[in-house]
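Summary of the model geometry
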Amino acid sequence: MALSQIETDLLVIGGGSTGAGVAWDAALRGLHVTLVDRGDLATGTTGRFHGLLHSGGRYVVKDPSSARECASENLILRRVAADCIEDTGGLFVTTPVDDPAYADRFVEGCGAADIPVEEITVGAALAREPRLNPRISRAFVVPDASIDAWKTVWACVRGATARGAKVLPYHQVMSLTMTADAVTGAYLRDARSGEQLRVRARCTVNAAGAWSRRVAELAGCEVGVVPGKGIMIAMNHRVVNTVVNRCTMPGDGDIIVPIRTVSVIGTTDIPVSDPDHIDPTREEIAEMMEAGEALVPGFSQGRALRVWAGARPLFPKTTGKQVSDTREVTRSHSVLDHEALDGVGNFLTITGGKFTTFRLMAKDALDLAARKLDLSAECTTATVPLPDSESKRFYWIGARQEEMEHEAPDDPLICECELVSRGDLQAALARRSDWQLDDLRRALRIGMGPCQGGFCAFRVAATLHRDGQYDRLAANHALGAFVEERWKGVKLISWGDQLRQTRLDQWIFQGILDVEHLPK
Amino acid sequence: MSTEALAPFEVRSSLDHCIKCTVCESSCPVAAVTPLFPGPKTVGPQAERFRAGDHSPDLSVDYCSGCGICTRVCPQGVRIAEINSRARAEMKVERGIPMRDQILARPGYMGKAGRPVAPLFNWALANPVVRLLGERIVGVHRKAPVPLAASRSFSYWAGRRRRFLAPRRVVYFHGCSTQHFEPEVGKKVVAVLEHNGFQVLIPKQDCCGLPLQSNGIFGAARRYVERLATQLSVPGTEGLPVIASSTSCGLMLKKEALEILGVEDGHLAEISKRTYDLFEFLLELHERGELRTDFQPVPLTVAYHAPCQQQNQLIGKPALDLLRLVPALRLVEMDRLCCGIAGTYGTKREKYDIAMRVGEPLFADIKTASPDLVACDSETCRWQIAKATGVTAVHPLEVLYRAYGGS
Amino acid sequence: MWSTYPNDQVLPAKFWGCSGMRHDVVVIGAGLAGLTAGIRLAQEGLDVAMFATGHGALPLAPAVVDVLGYAPDRVESPRVALPSFVAQHPEHPYACLSMGVLAASLDWFKELVTPLGYTGSLERNLLLPTALGGLRPTLLAPETMAAGDLGGGGEVLIVGIASYRDFYPKLVAQNLTASAPADGRRIVARAVEVALAGDPRDLRPQLLSRRLEEPAVRSDLARSIRAELGSEAAVGIPAVLGLERSHEVWTDLQRWLERPVFEIPTIPPSLPGQRLQSLLTQLFRSFGGRLQIGNTVLGGQGANGVLESVTVAQASREISVSAGHFLLATGGVGTGGIVVDRKGIPREAVLGLPVTLAGSPSEVNPEYFGPQPVDRIGLAVDERLRPLGDDLGHLFSNLHAAGATLAGAEPWKEKSGHGISLATGFAAAAAILEERG
């Protein structure tokens, strides 16, 4: 049987924020793009960060150029991706354990990086965030915000698709096709069906982030990216509604981000060799919970909902140096032209960077790709709003509750924790037919609340069966696979309330539904 | 350190204990009768995760009657009813508080306004045309039970009677209903306490603010309860038991003002620890062997209903325990959760039918028992039950008073 | 009117708030274990007070009584399987009981809850459909579920109600049809979804069950089902057939459909569970028991091996309640009887008793459906169900424990939950009665 073939201008490998940003930028410039990822979109580092849209404040002392980039990208994304952003604002506070001298350097750095900063009284900070440590000595307001990574990536992809882009999640690059001096495309394998497929591309962008070394190796090129492991813990509700940072040199557990219904504390930074093996450890979790106490007293008594780790793609610009402390590596990004570096044409790697600067990363990569493709179109991603952000209205945490109040009782809630209705589910099914339960989770937040799928997994799997998406075995399997997947992020934080929740969930699955003994 | 740090945030933080188990949903009397209320979990710990900032996303929390059963039955310790009360207050502040609720929240105004012209006032309240207008214009359901104004207030009576002096003394917190609508209850409370050798101190006192709180008017409610705490802390009464004959007002002092309103008044925190429901106090006396049991037979069938706010004091059913001692009295315990009225909830035009449906099983059981009297410790519940069943409803104290030979 | 009072005759500060309340027995926890023991003791004329933070798991649970369903293969006859199961699991709560006590508790229960018509026996497990269409072994089922026993195969119609989000008949029917109940037996199941006129798209089970208590609504339902009925021998329907009048609803449907109707339990809340809870609490009260829901027991006071009193939280105070005997029936990790802290250290929640089978905190099975060590954590008890200390002697001569708070079971995997609660609650009551002489 002949292989399916795709002809495209630009093949983008990696469906995280960078790859999605590249696809969106390229589509706006009129290129035909094909975006591929070995899994679902935004399941690598993008889907595993705390959701902070940096003001740049975090880097003003340590990494001023990165701070400056963050500051300007923050402003741009507020214009073009408003629907994905909650304008929480940010606070930098000097806690009793922080060096009080840092605050003045912080203010100075903000000035140098053009980051608007305002010092407020401790009383004003506590009025704004009542659970903040009352023993803080100084507080500064900066334009931090929280941003929904999945929503942003899907918006980029929807925009690109509307302009002809082809998006292939669950397609792994098996090999790159090459002539003597250039990459000409790739062979892909559909992870679900096993089918192979060939893409012919005029130019290929390696946007695989922490995994970009592996992709580059397929073309015989070397990319010195160092994955930096960071763990994050989502707490069951928002203990703060403003991003709160310790006003100190970046360290472990120094930031709490209110994102959607949870607050995420992060993070650590540990160099690792394999970005696929970054499980959090009990010690890291314990340290993170304790670290939260400095910002929010009583933090460690709250209910931890889930723990996970992400792998930052850190790219040390001074090559050849052994990286022992990844915090010392710049958070700026680099575009590597493998023609100049390795003699391999039509192949670029974009790496380093951070979610806040994904648009700029895409632009820089595309500017280079455009030169190779003799394309004169300029980047317009700084001005063209993403789909659903046209109104430039920021996301509001109460939106789903408000919507539910108007829809009930005529649209049954399927996921009660995150307020996903049957209507929402069916709308998602209408957009795309090949959902895994876990993809629906990222798209709709199904199963992301306190019960972690205990009640909704059954409803979703059975609804997909009822509506003909799944056959019997697929539904049975999906249910089990979903809760197994959820268990990964819960097993290490099984204590207190969350442990009790896992027992109730298991009782539902094993005790009531007897999932283990369904007919094969 | 961190436990203390959490204390002011205890109500909201308690949502962390919710494991979505549905116990509260299956016990909620309102969600069982109307789809307009999606249930305590839905508007409580579930919705609370979506609340932040200045704008309230809520609507249906308005249909929570505030009976508090959800908090009582929650095995995980989630402060469901308290979360809901706060959310309702936020919502009402934003959407505006109707004039009707402002009036209902201040029973003292109605009592004071009605007293000088009690006959006319009471005639008007009984007049269907006036009530229909009241429903149309104000929004109080035309069939809702409303109390009649007494022509003399309880404090008027108390201030003019001869003092009974005794070494053992208690403070009596009579509440608005005794003051304005049912002074007879207060007189009998005093008689029973004096019969047991207590000197009853009755400091000047105003409303505890509970109706304001349940109508979402928190600012005024805080002022009211703090004023009351000061009034009840008259010098010379330090450490004395404060006896409440209104169960809902008693619960306000014991718990709700501290938990729901977050009042941090020192007087209140201290008083809450020595506030007793009347029958809780009497039963305790009995358990010490200090209650007079010179009961005369009361040959009546009495159906006893324990109101929600009495149950929420978590003291069991002391009235039932005590009245069991009365000879010839046939007591029938009503094993139902709620009569529906929930303070002022069931008087509102849009909630009257819901409240009646909530109370329906209780009313049916009462009719089956065909008692001579219904006894219930809460005034608004008595009015609701009497109106719905046609059976005279009294404070259980009245039965005890009879047993002591009163008439 | 007074304004100030002389300050000479104030009562002693501790005079109030230390109640002299004393009972024969205090039961802590109001789940199946606590209610079973409470009813048994109250039936014998004891003054029993029951305190619980909130409701137990009854209103969530399907209301079937499991005794032993898997060991680890599916158990056909618990009477046959139990002796070797107990021999292999000496730490299991069943190891504290004789088969006679277990059988007696089941017989007692069936008679106690006559209005709910429980059937089944230790000889043979029933095989009842789950809401996913699995076949689940259990021992006793209420009348409204019993006809769902598909151990012998059969042809059934599975009916969904459109406004009820927790039941999906097509999946149930397909899984049932693929099931193999026993050698040579087959199940043929067909699915149909019916709508009740005038319902919104989503009706919570509490409302739906009450709707069906209206004769007109259930006859409407029966009409819709009849229109779809074929040659099926029985009709399965989600377990929402009324609360207080479930017998009427179920009987009417059977009459109108002219064949057995069975309820299929689904995820919480559970109407059958609420019916059972409501009946048990009514019975407890009717025998003179005092039930106080909402009162957390904070701790206890004892001396010389005797527990003298427990501290009970009220709205604004704590009181001390004393008793001759105490029963701890607060449940396990799932219901809060055992709590595990952030360091992974478990403790019994009320009295801080030592727990057993508590491995190291890192013992989490990465396989979700594999055995989870935490499930077996609980109290070790002697043959009279008295909690043991670290030295393996009982801690208090008058403190007993029953139900999920006991160590050694994996109730959800074994399908033994309610059976353990019922049998140990019953046995604990017997021990207390015996000790009182």
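The numbers attached to residues start from 1 for each chain and follow its sequence in the written order. Throughout, the order in which chains and ligands are written sets their labels, letters from A for the former and numbers from 1 for the latter. Selection of residues for local features in this predicted model requires a pLDDT of at least 70, selection of side-chain atom pairs for listing and counting requires 80 or more, and totals for whole chains, interfaces and linings are taken over all residues. As a rule here, side-chain values come from all non-hydrogen atoms in the structure, and water together with hydrogens is ignored.

1. Some words on the overall build of chain A
- Where helices and strands are cited, they refer to DSSP runs of H or I of at least four residues and of E of at least two residues respectively, numbered from the N terminus. Within chain A, the secondary structure is distributed over 15 helices and 22 strands.
- Across its three principal axes, chain A shows a C-alpha extent of roughly 65 × 60 × 45 Å.
- Exposure categories follow from relative accessible area, calculated using a 1.4 Å probe and restricted to protein chains: below 20% of the type maximum is buried, above 50% is exposed, and the middle band is partly exposed. Counting over 520 residues, chain A shows a buried share of 67%.
- By sequence separation, contacts in chain A at least 24 residues apart represent 72% of the contacts at least 6 residues apart.
- Per-residue and other accessible areas were derived by the Shrake-Rupley procedure at a 1.4 Å probe size, with only the shown protein chains allowed to occlude residues. Taken as a whole, chain A presents about 17,400 Å² of accessible surface, with 51% of it coming from carbon and sulfur.
- Positive charges come from Lys and Arg alone, negative charges from Asp and Glu alone, with His and the N- and C-terminal ends not counted. Think of each charge as sitting on NZ of Lys, CZ of Arg, CG of Asp or CD of Glu. Here chain A carries 59 positive and 68 negative side-chain charges, and the mean point of each set is 1 Å from the other. Two residues form a contact once any of their heavy atoms are found within 4.5 Å.

2. Focus on the domain arrangement of chain A
Residue and element names in this part refer to chain A.
- Its domain assignment divides chain A into domain 1 (4-45 + 150-225 + 323-372), domain 2 (54-147 + 226-314) and domain 3 (399-517).
- Across the contact, ten residues belong to domain 1 and nine residues belong to domain 3.
- At the boundary of domain 1 with domain 3, total buried surface from both sides reaches about 750 Å², with 51% on carbon and sulfur atoms.
- Each reported salt bridge corresponds to a side-chain nitrogen of Lys or Arg within 4 Å of a carboxyl oxygen of Asp or Glu. Between the two partners, domain 1 and domain 3, sit three salt bridges.
- Asp40 serves as the salt-bridge partner of Arg432, at 3.4 Å between the closest nitrogen and oxygen.
- The term polar contact refers here to a pair of N or O atoms within 3.5 Å; inside protein, the definition further demands a hydrogen-donor-capable atom paired with an acceptor-capable atom, and it admits residues adjacent in sequence only when both atoms are side-chain atoms. Linking domain 1 to domain 3 there are four residue pairs in polar contact (both at pLDDT 80 or more).
- For this classification, the nonpolar set comprises Ala, Val, Leu, Ile, Met, Phe, Trp, Tyr, Cys and Pro, the charged set comprises Asp, Glu, Lys and Arg, and every other residue, Gly included, is treated as polar. Grouping the constituent residues of the side of domain 1 that touches domain 3 by class yields six nonpolar, one polar and three charged. Start and end positions for the domains come from either an automated domain assignment or a database one. Here the quantity called buried area is the total loss of accessible area, with a 1.4 Å probe, experienced by two parts when brought into contact, counted for both.

3. A look at the domain arrangement of chain C
- The domains assigned to chain C are domain 1 (21-61 + 275-436) and domain 2 (124-267).
- Between the C-alpha centres of domain 1 of chain C and domain 2 of chain C there is a distance of 34 Å.

4. As for the sheet that holds strand β7 (residues 234-238) of chain C
Residue and element names in this part refer to chain C.
- Taken in spatial order, the four strands line up as β6-β5-β7-β8 in an open sheet, and their pairing is parallel. Whereas interior strands pair on both sides, the edge strands pair on one side only; in this sheet they are β6 (187-194) and β8 (261-264). Averaged over all adjacent pairs, the angle separating strand axes in this sheet is 25°, with direction ignored.
- Here an angle of 0 to 180 degrees is reported between the N-to-C directions of two axes, which are lines fitted to C-alpha atoms, with helices fitted over the stretch in contact. Docked against the sheet, helix α5 (residues 169-178) engages β5 (154-161), β6 and β8, running at close to 175° with respect to β6.
- The sheet strands contacting helix α7 (residues 215-228) are β5, β6 and β7, and the helix crosses β6 at an angle near 130°. Two strands pair if DSSP finds at least two bridges between them.

5. Concerning the confidence of the model for chain C
- pLDDT is a per-residue confidence score from the predictor, ranging from 0 to 100. In the predicted model, chain C carries a mean pLDDT of 92, and 95% of its residues have values of at least 70.
- Between residues 1-18 of chain C, whose pLDDT stays under 50, and residues either more than four places distant or in other chains, the model counts 52 contacts.

6. As for the interface of chain C and chain B
- Between chain C and chain B, the contact holds 44 residues from the first and 64 residues from the second.
- Summing the contributions of chain C and of chain B, the shared interface buries around 4,400 Å²; its carbon and sulfur component is 53%.
- Scanning the region where chain C abuts chain B turns up five salt bridges.
- The salt bridge involving Arg285 of chain C is made with Asp335 of chain B; its shortest N-O contact spans 2.5 Å.
- If you look at where chain C meets chain B, you find 15 residue pairs in polar contact (both at pLDDT 80 or more).
- Breaking the side of chain C that touches chain B down by element, the ones donating at least two residues are α6 (205-211), α9 (271-286) and β9 (290-293) of chain C.

7. Points about the pairing of strand β5 (residues 301-305) of chain B
All names here are of chain B.
- In terms of residue burial, β5 counts as a mostly covered element, since five of its five residues are buried.
- Relative to strand β6 (residues 330-333), β5 runs parallel, the two sharing four bridges. Looking at the pairing, Ala303 lines up with Val332 of β6.
- The pairing of β5 with strand β7 (residues 373-376) spans four bridges and is parallel. Across the sheet, residue Ala303 finds its bridge partner in β7, namely Val374.

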